[in-house]
Amino acid sequence: MPSPKTPSELAADEAVRTYLRGRTMPPLLYDAIVWAVEMRISAGKLPLLDDTLTTDIDNHAVATRARLLMPIRPVPLPPLASHGNAGRAPLSAEGI
C-alpha cells in the first residue's frame, strides 16, 4: 500500500498534471519530474516548473490516444468576392 502523499507531493503532482494538459509520459519520468518539482516546493524555489523541467516534459509527453483521434474541423474559406469585371480584360492604371 503506497504511503499517503504530503501536501508538497500533492502540489507537485498537480503542477505537473496541469502543465501536461491531458498529455501522458512514461511513469518513471513522470515520477522523477514530480519529485523534482516537490524538491523545488520544499526549497521555496520559483517557478515550480523551470525551463529545464518544461523542456523535459515537452520532449517526452505525448497526446493521449483520444486526443490523437479527435476530428479536426477545417476552417471554412471566406466566400469569393464577385467582381463586376469578371471575364473582361484587366483595367489600365493610366487613368489613376
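Refer to the structure above for everything that follows.
Below or above, wherever it landed, is the structure these notes cover. Nothing here was measured: the structure is a model prediction, and the numbers come from that model.

## A few points about unusual backbone geometry
Okay, step 1: Cis rather than trans, the peptide bond between L46 and P47 has omega equal to -5 degrees.
Okay, step 2: Mapped onto the fold, P47 is located in the loop between α2 (27-43) and α3 (51-60).
Okay, step 3: Even without glycine at this site, R21 takes up a positive phi of about 50 degrees.
Okay, step 4: Note on placement: R21 falls in the loop between α1 (7-20) and α2.

## Side note on α2
Okay, step 1: If you check α2, its first and last C-alpha atoms are 24 Å apart, about what 17 residues at 1.5 Å a residue would give, namely 24 Å.
Okay, step 2: Every buried residue of α2 is accounted for by Y30, I33, V34, V37, E38 and R40. End-on, the buried residues of α2 take up no more than an arc of 160 degrees, which puts them together on one face. Away from its buried face, by an angle of more than 90 degrees, α2 presents the exposed residues L28, W35, S42 and A43.
Okay, step 3: The secondary structure elements touched by the buried residues of α2 are α1 and α3.
Okay, step 4: In the segment just after α2, G44 is the residue with positive phi, at about 75 degrees.

## Digging into the nonpolar core
Okay, step 1: V16, L20, I33, V37 and I57 are the most contacted members of the largest nonpolar core, which has 13 residues in total.
Okay, step 2: Among the elements of the structure, α1, α2 and α3 are those that each provide at least two residues to this core.
Okay, step 3: V37 has contacts with A12, A15, V16, L48, L49 and L53, leaving out every residue within four places of it along the chain.

## Remarks on α3
Okay, step 1: Considered for burial, the residues of α3 that qualify are L53, T54 and I57. One side of α3 carries all its buried residues, which in axial view fall inside an arc of 95 degrees. In α3, those exposed residues whose orientation departs by more than 90 degrees from the buried face are D51, T52 and N59.

## Focus on the side chain of R23
Okay, step 1: Its location among the elements puts R23 in the loop between α1 and α2.
Okay, step 2: Looking at R23, its side chain comes within polar contact range of the main-chain oxygen of Y19, at 3.2 Å.

Definitions and limits used
Residues numbered from 1 in each chain as written. Predicted model: local features only at pLDDT ≥ 70, side-chain atom pairs only at ≥ 80, totals over all residues. Heavy atoms only, no water. Helix = DSSP H or I, 4+ residues; strand = E, 2+ residues; numbered from the N terminus. Expected span 1.5 Å × (residues − 1). Buried < 20%, exposed > 50% of the residue type's maximum accessible area, 1.4 Å probe, protein only. Arc of directions from axis to C-beta. Contact = heavy atoms within 4.5 Å. Core = buried A, V, L, I, M, F, W, Y, C linked by side-chain atoms within 4.5 Å. Polar contact = N/O pair within 3.5 Å; in protein donor to acceptor, adjacent residues only side chain to side chain.

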